[in-house]
Amino acid sequence: MAKTGILIEIENNTVKDTSLGVMTAAAGQEIYALVLGQDAAVVKDKLAEYGASHIVSITASGDLSSSPDLQSQALAAAVTEYNFETLLGTASATGRDLFARLAAILDQPLVSDCVQVNIAEKKVRKSHFSGKTFATLKVNGSVLLCTIRPNSIEPVAAPTAGELIEFVADVADPGLIKIVETKKAGADKLDLTEAPVIITGGRAIKAAENYKMLEDCAQKLGAAVGASRAAVDAGYAPHSMQVGQTGKTVSPKLYIACGVSGAVQHFAGMKTSKVIVAINEDKDAPIFSKCDYGIVGDIFDVVPLLTEKL
Amino acid sequence: MKICVCVKHVPDTAATIKLAGDNGFEDSEIKFVPNPYDEYGIEEAVSLVEKQGGEVVIVTVGKATAVTTIRGAMSMGAHRAILIKTDSQFLDASLTARALKAAMDQDGLPDMIFTGKGSVDTESFQTQYRLAKSFNMPIVNEVSTLTIDSGKAIAEREIGGGEKQVIEMSLPCVIGVTKGLNEPRYPKFQDIMKAKKKEIREMDLSELGIDVSQGKTMIEKLEPVPERSGATMLEGSVDDQVTELVRILKEDEKVL
């Protein structure tokens, strides 16, 4: 059993499902769940249920949330304190940033956005060439650092007793960067990269206001709403909603593409989804050759009906 | 102001990758392009220098064929370039960062360094962080809005769900950029001609003291991602199709 640290992401005092999947990636190892900058007691039961034998609240004398440099230093201190052989996190916006900072501090190899991890053999599997190939990498550092693609590993409970630990990292902010503002995004929107279900509108959506139709459907699905590059370039949706090459890489359990033609660059960002459904008026659209279920039809007929039947 | 832009020479995202052996691919017949994210960095650097004066230097770690990518960057307005030559498309991110630093140390320190948020070939998303750390410079990645004013940079990055962080830092700094920052320009014919005469300084990895065998990540195997073989098309009236879809997603696939 390798000592494995898992960086846990918490939202509204609840452990994100994506973090539970990362814990499952380390099944069979001695798992330390690491909670940065807040008391881990509120999430202790959940973390213990998914296999964490140690649940560590990491704090420092300064406010950890004030700087990603400070957070990554605190993580580095925890790696040294507990002698982790492996440290895993989610390939979310936060996880990607912190792990890259951490890898630079520790001068250890990092593999980003893995879909599989073999901790015993120090081998990982990840996408290469914008989703066209999988690469198997052998990593030879003293610490294995990986971020895991959200939703690529289904969480499986593995209950343990779970012991709460407090760790105060002796670190100081190098003062290189300062977060001066956080801009909220209107409504509490589900993050695309972490959403378990995604419904995407392509060029056929025809106007920005028509995304309302997808949002209604998304609400019933518990889904996030995405957009294809064509829709973003046409000004129907902001870039933060773009799925695919030059947008976001997603891997939900269900992906519903509405009026998306299916360019290779779009597939690059969503082909590891578990189930892909396409709705398109054109029966010859390329998307039908690479998805699981297809409906030939006008999205303005099909989507409202789907919303109604869910 | 001297700005270095790190640009990678990568297979066109529309190219079909033909694998060769366990961990290689055929690179002679496919089109290579500047890494799409890096183009936003080139555009940003060139327009900054157009306003504030200075020079834009492209720094590329890649095979000798990367010259085409460098000329492309130069036709967008970069002044000169450094090509650090490697034998393989794949170089460990730590070594790439060390090579970039060594070249910049030799050439003279920049006031700013731009990179793309990541490269579309290895998708390793970390070289810029290692480079920043080696210079002890501030770094912000995935930047979609940037203001440079009196020695300070103010960068915006998305942190999920459309939420954005505004981050302030002093120059020199490293900025990893993404779509939304600007619209990269299309070079005109005369710019393409002019680019052919610009200076490219070549260096070798070994000359910079970098030993490829020290890489800590090794690609053991490359394999195609399995493609779906074609959809099960639903049939009947729109109502029938949607009813059947909901049944499949609930009962067969269990994803709802």
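Scoring rules and cut-offs
Residues numbered from 1 in each chain as written. Chains lettered and ligands numbered in written order. Predicted model: local features only at pLDDT ≥ 70, side-chain atom pairs only at ≥ 80, totals over all residues. Heavy atoms only, no water. Helix = DSSP H or I, 4+ residues; strand = E, 2+ residues; numbered from the N terminus. Buried < 20%, exposed > 50% of the residue type's maximum accessible area, 1.4 Å probe, protein only. Contact = heavy atoms within 4.5 Å. Areas by Shrake-Rupley, 256 points an atom, 1.4 Å probe, with all protein chains shown as cover. Lys, Arg positive; Asp, Glu negative; His and termini not counted. Charge placed at Lys NZ, Arg CZ, Asp CG, Glu CD. Domains from an automatic or database assignment. Buried area = accessible area lost by both parts, 1.4 Å probe. Salt bridge = Lys/Arg side-chain N within 4 Å of Asp/Glu carboxyl O. Polar contact = N/O pair within 3.5 Å; in protein donor to acceptor, adjacent residues only side chain to side chain. Nonpolar A, V, L, I, M, F, W, Y, C, P; charged D, E, K, R; others polar. Pairing = 2+ DSSP bridges. Phe/Tyr/Trp six-rings, centres within 6.5 Å; stacked < 30°, edge-to-face > 60°. Lys NZ or Arg CZ within 6 Å of the ring centre and 35° of its normal. Axes fitted to C-alpha atoms, helices over the stretch in contact; angles between N-to-C directions.

Enquirer: Looking at this structure, I do not really get the overall build of chain B. What am I missing?
Expert: Along its length, chain B carries 6 helices and 15 strands. When the backbone C-alpha atoms are referred to their principal axes, chain B occupies close to 65 × 45 × 40 Å. Expressed as a percentage of its 256 residues, the buried residues of chain B come to 56%. Within chain B, contacts between residues at least 6 apart in sequence are counted, and of these 70% link residues at least 24 apart. Per element, the accessible surface of chain B, about 11000 Å² overall, is 49% carbon and sulfur. Between the mean site of the 31 positive side-chain charges and the mean site of the 41 negative ones, chain B shows a separation of 6 Å.

Enquirer: Would you mind going over the domain arrangement of chain B with me for this structure?
Expert: The figure often quoted for interface size is the accessible area lost as the parts come together. You can read the domains of chain B as domain 1 (2–214) and domain 2 (230–256). A separation of 46 Å is found between the C-alpha centroids of domain 1 of chain B and domain 2 of chain B.

Enquirer: How should I be thinking about the interface of chain B and chain A in this particular structure?
Expert: The partner chain A presents 82 residues to the 77 residues of chain B that form the contact. Carbon and sulfur atoms make up 56% of the surface buried where chain B meets chain A, a total of about 7200 Å² over both sides. Sorting the residues of chain B by area buried against chain A places Lys179, Lys216 and Arg228 of chain B first, and these three jointly supply 11% of that buried surface. Its salt-bridge partner being Lys309 of chain A, residue Asp239 of chain B comes within 3.1 Å of it at the nearest N-O pair. Taken together, the connections running from chain B to chain A amount to 50 residue pairs in polar contact (both at pLDDT 80 or more). Element by element, the count of residues in the side of chain B that touches chain A is highest for helix α6 (residues 238–252) of chain B, at 10 residues. Grouping the constituent residues of the side of chain B that touches chain A by class yields 37 nonpolar, 17 polar and 23 charged. The pairing of strand β17 (residues 293–296) of chain A with strand β15 (residues 232–233) of chain B spans 2 bridges and is classified as parallel. Pairing of Tyr293 of chain A across the sheet is with Thr232 of chain B, part of β15 of chain B.

Enquirer: When you look at the packing of aromatic side chains in this model, what are you seeing that I'm missing?
Expert: Centre distance and the angle of the planes are the two values used to describe a pair of aromatic rings. Residues and elements named next belong to chain A. Here the structure, examined in full by the defined rule, presents 7 aromatic pairs over all chains. With centroids separated by 5.3 Å and ring planes inclined at 45 degrees, the aromatic side chains of Tyr32 and Tyr82 adopt a geometry described as tilted. With a gap of 50 residues between them, Tyr32 in strand β4 (residues 30–36) and Tyr82 in helix α3 (residues 68–82) connect regions that are remote in the sequence. Accessibility assignment for this pair places Tyr32 and Tyr82 in one class, buried. Each ring, one from Tyr82 and one from Phe167, has its centre 5.7 Å from the other, and the planes form 70 degrees; the classification is edge-to-face. Of the two residues, Tyr82 sits in helix α3 while Phe167 sits in strand β11 (residues 163–169), which places them 85 residues apart along the sequence. Like Phe167, Tyr82 is buried. One cation-aromatic arrangement involves Lys290 over Phe267; the distance from NZ or CZ to the ring centre is 4.5 Å.

Enquirer: I'm lost on unusual backbone geometry in this one. Help?
Expert: Most peptide bonds adopt trans geometry, and most residues besides glycine take a negative phi value. Put simply, Leu171 of chain B and Pro172 of chain B share a cis peptide bond, and its omega is -5 degrees. Residue position: Pro172 of chain B is located in the loop between β11 (164–170) and β12 (173–177). One non-glycine residue, Asn83 of chain A, lies in positive phi territory at about 55 degrees. You can see Asn83 of chain A is positioned in the loop between α3 and β6 (86–90). At Lys206 of chain A, a position not held by glycine, the phi torsion is positive, near 70 degrees.

Enquirer: Hey, could you run me through the sheet that holds strand β7 (residues 80–85) of chain B in this one?
Expert: Adjacent strands of a sheet pair through backbone hydrogen bonds, lying either parallel or antiparallel. Reading across the sheet, the 10 strands line up as β12(A)-β11(B)-β10(B)-β9(B)-β12(B)-β8(B)-β1(B)-β6(B)-β7(B)-β13(B) and stay open at both edges, with mixed pairing between neighbours. Strands with a single pairing partner mark the edges of an open sheet, and in this sheet they are β12 (177–183) of chain A together with β13 (200–204) of chain B. Adjacent strand axes in the sheet meet at a mean angle of 30 degrees when their direction is disregarded. In this sheet, β13 of chain B lies alongside β7 of chain B in parallel orientation, the contact comprising 5 bridges. Its bridge partner being in β13 of chain B, Ala81 of chain B is matched across the sheet by Ile200 of chain B. Across the face of the sheet, helix α2 (residues 67–75) of chain B comes into contact with β6 (55–62), β7 and β13 of chain B while running at roughly 160 degrees to β7 of chain B.

Enquirer: Which parts of the structure should I look at to understand the domain arrangement of chain A?
Expert: All names here are of chain A. Annotation of chain A at the domain level lists domain 1 (3–169) and domain 2 (192–309). For domain 1 versus domain 2, the distance between C-alpha centres works out to 30 Å. Counting residues at the interface gives 12 residues for domain 1 and 11 residues for domain 2. Around 940 Å² of area is buried between domain 1 and domain 2 when both sides are counted, 48% of it from carbon and sulfur atoms. Its largest share of buried area at the contact with domain 2, domain 1 owes to Ser130, Arg149 and Asn151, together 45% of the area lost on that side. Linking domain 1 to domain 2 there are 1 salt bridge. Of the charged contacts in the structure, one is a salt bridge between Lys16 and Glu194, with a shortest N-O distance of 2.9 Å. At the boundary of domain 1 with domain 2, the tally comes to 6 residue pairs in polar contact (both at pLDDT 80 or more). Of the residues contributing to the side of domain 1 that touches domain 2, the split by class is 2 nonpolar, 5 polar and 5 charged.

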